[in-house]
Amino acid sequence: MSRTSRLPSSLLRAAACTGVAALALTACGSGSGSGSTSTGSGEVKVGLITKTDTNPFFVKMKEGAEKTAKAEGVKLMTAAGKFDGDNAGQVTAIENMVAAGVKGILITPSDSKAIVPALEKAKAKGVLVIALDTPTEPESAVDALFATDNLKAGELIGEYAKAAMKGKTAKIAALDLAPGVSVGIQRHNGFLKGFGATDKDVACAQDTGGDQSKGQTAMENCLQKEPGINVVYTINEPAALGAYTALKAKGREKDVLIVSVDGGCTGTRAVKDGKIAATSQQYPLKMAAEGVKAVVTYAKDGKKASGYTDTGVTLITDKAQDGVAAKDTAYGLDNCWG
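All chains use their own residue numbering, which begins from 1 and follows the written sequence. It should be noted that, the model being predicted, local features are given only for residues of pLDDT at least 70 and side-chain atom pairs only at 80 or more, the latter also being counted only at that level, while totals for whole chains, interfaces and linings use all residues. With hydrogens and water set aside, each side-chain value is computed from the structure's full complement of heavy atoms.

## Focus: the overall build of the chain
- A tally of regular secondary structure across the chain gives eleven helices and 15 strands.
- Out of the 338 residues belonging to the chain, those deemed buried represent 57%.
- Two residues qualify as a contact provided that any one of their heavy atoms is within 4.5 Å of a heavy atom in the partner residue. Residue pairs at least 24 apart in sequence account for 77% of intrachain contacts in the chain once pairs closer than 6 positions are excluded.
- Per-residue and other accessible areas were derived by the Shrake-Rupley procedure at a 1.4 Å probe size, with only the shown protein chains allowed to occlude residues. Accessible surface for the chain amounts to roughly 13600 Å². Of this, 49% is attributable to carbon and sulfur atoms. A run of DSSP states H or I qualifies as a helix once it reaches four residues; a run of E qualifies as a strand once it reaches two. Both are numbered from the N-terminal end. Three labels apply to residues, based on accessible area from a 1.4 Å probe with only protein chains included: buried if under 20% of the type maximum, exposed if over 50%, partly exposed otherwise in between.

## A few points about the confidence of the model for the chain
- Per residue, pLDDT measures the predictor's confidence, with a range of 0 to 100. The predicted model of the chain has a mean per-residue pLDDT of 90, with 88% of residues at 70 or higher.
- Considering only residues more than four positions removed or in separate chains, one finds that residues 1-24, a stretch of pLDDT under 50, has 66 contacts.
- This model gives residues 29-40 a pLDDT under 50, and the stretch forms 26 contacts once residues within four places in sequence are excluded.

## Examining the packing of helix 7 (residues 212-225) against helix 8 (residues 237-249)
- Lines fitted to C-alpha atoms define the axes, with helix axes restricted to the stretch in contact, and inter-axis angles between N-to-C directions lie between 0 and 180 degrees. The N-to-C vectors of helix 7 and helix 8 enclose an angle of 45°; their axes lie 7 Å apart at closest approach. As summarised for this structure, helix 7 and helix 8 are arranged oblique, according to the angle between their axes. Helix 7 and helix 8 meet at a crossing whose hand is right-handed. Two secondary-structure elements touch here, helix 7 through Gln212, Gly215, Gln216, Met219, Glu220 and Leu223 and helix 8 through Pro238, Ala239, Leu241, Gly242, Ala243, Thr245, Ala246 and Leu247.
- Here the residues of the contact of helix 7 with helix 8 are counted per class, giving eight nonpolar, five polar and one charged. Throughout, the term roughly parallel applies to angles under 35 degrees, roughly antiparallel to angles over 145, roughly perpendicular to angles from 65 to 115, and oblique to all others. Crossing handedness is defined as follows: a turn of the near helix away from the far one that is anticlockwise and smaller than a right angle gives a left-handed crossing, while the clockwise case is right-handed. Residues are grouped as follows: Ala, Val, Leu, Ile, Met, Phe, Trp, Tyr, Cys and Pro are nonpolar; Asp, Glu, Lys and Arg are charged; every other residue, Gly included, is polar.

## Structural notes on the environment of Ile49
- You can see Ile49 is positioned in strand 4 (residues 45-50).
- Exposure remark for Ile49: the relative accessible area of 0% places this residue in the buried category.
- Between the C-alpha atoms of Ile49 and Ser110, which are 61 residues apart in sequence, the distance is 9.9 Å.

Rendered as structure tokens:
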């Protein structure tokens, strides 16, 4: 999902390992000496494939993987799609990593279904495959999943929005991700569940790709279709900020409730500034760190990680609502990314 905020220097340093060639494999965090985890074929290699290498969420994910790889004495290889949705690029990265002899691959799938054949081929060659952030379809296509409970993330902001409306009739706009992406589907469905609504209650739904400019256009389209919209669900905070810009242009920014998911630093500051009412914060660094540790365990004793590991989600808002658990933006800024 696209972010437009300027990256802090620490994250730029983390991103530098991959560089501008999005699909070029890069080795980072290699270990050496007697402390390195190794097999008869040499040093253990771990692959990390993200959707892009520019999105702050994935920059933070890579940072977590690099730190853990260095601490564990293993070599990290990284690759990313040229854009969010670049399945072909991710397939190429998988093939290159398998050829390079990685022990495990961590991946945030751009296309939850289309990536499955490539992952199954990797598994057949003895590579541990772990999905981060985004489940595959079916989820059993990977050995394990380390991710936010995206349904729960959506539920939290849905419950919050329902409480914040205080009984007023809602006219909902849903600024979604894209067709076929499990993260977007789960967050959307979770929001509706938390709000106690169905798709029939959504006055306008538009795909944004998680992009700020597309979020603005989507909100403009929705306001043309239904000028009375008063609740806006967004797939992520860039889309939310795009919606805010469109609403502000119409003088509606103060009377429309915007809720979102991600918990990046830019988005969390937008909550603090009152542009977004609440967001569900997730933790990409933890996903990657736990994934690397799982590959190291597999390399040491052959024990494969399995099933789903919930890496946590927290509702962030400075306008708490009765009955909805939340933490304030001070907590959010202490734990944000990007």
